[in-house]
Amino acid sequence: SNWKCGTFDEDLKRAKELIDVAVNAGADAVKFQTYRPESIYVPNAGQSSYLSKKGIDDNIYDIFEYLSMPYEMISQLAKYCKSKKIMFMSTPFSISDAKEVNPYVSVHKVASNEINHIRLLEFLSKTKKPIIISTGASTYTEIDFAVKLVKKNGNNRISLLQCTSKYPAPLEALNLMTIPKMKSRYSLPVGLSDHSTDPIIGPLVAVGSGASIIEKHFTLDRNLPGPDHPFALIPSELKSMVDSIRIAEKARGSGIKEILSEELELRKFATRSIQATRDINKDDILTEGHNFDILRPGNQKRGAEARFLASIQGRKSCRRIKVGQGILLSDLKG
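Residues numbered from 1 in each chain as written. Predicted model: local features only at pLDDT ≥ 70, side-chain atom pairs only at ≥ 80, totals over all residues. Heavy atoms only, no water.

Caption draft 1: Seen up close, the sheet that holds strand E4 (residues 131-134). Taken in spatial order, the five strands of this open sheet run E3-E4-E5-E6-E7, and their pairing is parallel. The strands lining the two open edges of the sheet, one partner per strand, are strand E3 (108-110) and strand E7 (214-216). On average, adjacent strands in this sheet sit at an angle of 25 degrees to one another, irrespective of strand direction. As defined by bridge partners, strand E6 (residues 190-194) adjoins E7 across three bridges and the pair is classed as parallel. Looking at the pairing, Ser-193 lines up with Glu-215 of E7. Here helix H8 (residues 178-186) sits on the sheet and contacts strand E5 (158-163) and E6; the angle it forms with E5, its principal contact strand, is near 155 degrees. (Pairing = 2+ DSSP bridges. Helix = DSSP H or I, 4+ residues; strand = E, 2+ residues; numbered from the N terminus. Axes fitted to C-alpha atoms, helices over the stretch in contact; angles between N-to-C directions. Contact = heavy atoms within 4.5 Å.)

Structure representation (structure tokens):
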């Protein structure tokens, strides 16, 4: 809702400024929300105690009515995103919203509180487009239901987001260890919808835990009027977050334990191997602690790996080996 500031033209200008911020930060996508109050809350839903604590005492229905994005703005924002080469997304909250959004998005997003919105999930599933489902304030039973429902309607292109439904969410409430557990339970991509105010800790721990999607609120200025500005990142923080994530993605690596090209030089110089500790003549018996030992070779030729010690101990040399040189299995008789 951080695009909302006044008239249609003012709102559109603010929304485009936010898109520019996302582009400059290096984000892959920028996501808005599309809703109408009558398809979310009952008319007499009353005040939100959460918002009242922030000094916003209006009826929640009126707040949602004020913050609802005009449908005619969707196409303009999608077109602007395309011109800026960033993915446009908008979370729908009803089938009517989804019908308006669907022509302009390649990926759908389901908000945490909509995880049990059966009709919306059915509609989105049938678009055959990938669906990202936030899981804030939900249980595995509820997530199981949503995932099975989407799959039942012919769509297996599902991702899940760990989320804590608190604005802002304390770092200690992010519960990021659910990310690898959900990956294992569902065999689906899992990410984090992060409502904490810290730009780095949640995203980086999530990426280290296997997250492949990070969602974060951002704003032009945290002091602007509105419910979502106070806990959102400012532009410099958003860029710092994205930059850190890109580095963390590389640092995570392939998961294959192997000798990397960056390690070869030091491995050759400093990893221990079987080296001659004195000159060894042909037919000399090789004895650990007498004429060879397990040492770092430095600039000398490396010998056999230490795990072959038992295969070398007590054998005869078939050639002359100078002090410091490595002893290989091919240097042994028999």
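Caption draft 2: Representation of the packing of aromatic side chains in the model. Using the criterion set out here, one finds six aromatic pairs in the structure. Ring centres 5.5 Å apart and planes at 85 degrees place the aromatic pair Tyr-35 and Phe-93 in the edge-to-face group. Separated by 58 residues along the polypeptide, Tyr-35 in the loop between strand E1 (29-34) and helix H2 (49-52) and Phe-93 in the loop between strand E2 (87-92) and helix H5 (95-101) bring together distant segments of the chain. The burial state of Tyr-35 is the same as that of Phe-93; both residues are buried. Between Tyr-41 and Phe-64, the aromatic rings sit 5.3 Å apart at their centres with planes inclined by 80 degrees, giving edge-to-face as the arrangement. Note that Tyr-41 is positioned in the loop between E1 and H2 and Phe-64 in helix H3 (residues 60-67), a separation of 23 residues in sequence. (Phe/Tyr/Trp six-rings, centres within 6.5 Å; stacked < 30°, edge-to-face > 60°. Buried < 20%, exposed > 50% of the residue type's maximum accessible area, 1.4 Å probe, protein only.)

Caption draft 3: Main features of a nonpolar patch on the surface. On the surface, Leu-171, Ile-201 and Val-205 cluster together into a nonpolar patch covering about 220 Å² of accessible area. Position of Val-205 relative to the elements: it lies in helix H9 (residues 201-208). With relative accessibility at 40%, the residue Val-205 sits in the partly exposed group. (Patch = residues over 30% accessible without salt bridge, like charges linked within 9 Å, V, L, I, M, F, W, Y side chains within 5 Å. Areas by Shrake-Rupley, 256 points an atom, 1.4 Å probe, with all protein chains shown as cover. Salt bridge = Lys/Arg side-chain N within 4 Å of Asp/Glu carboxyl O.)

Caption draft 4: Highlighting unusual backbone geometry. In this structure, the amide linkage connecting Tyr-167 to the following residue, Pro-168, adopts the cis form with an omega of 0 degrees. Along the polypeptide, Pro-168 turns up in the loop between E5 and H8. In this structure, Lys-85 is a non-glycine residue whose phi angle is positive, near 60 degrees. Taking the relative accessible area as the measure of exposure, Lys-85 reaches 77% and is therefore exposed. Backbone geometry at Asn-175 places phi at a positive 55 degrees, although glycine is not the residue there. Structurally, Asn-175 is set in the loop between E5 and H8.

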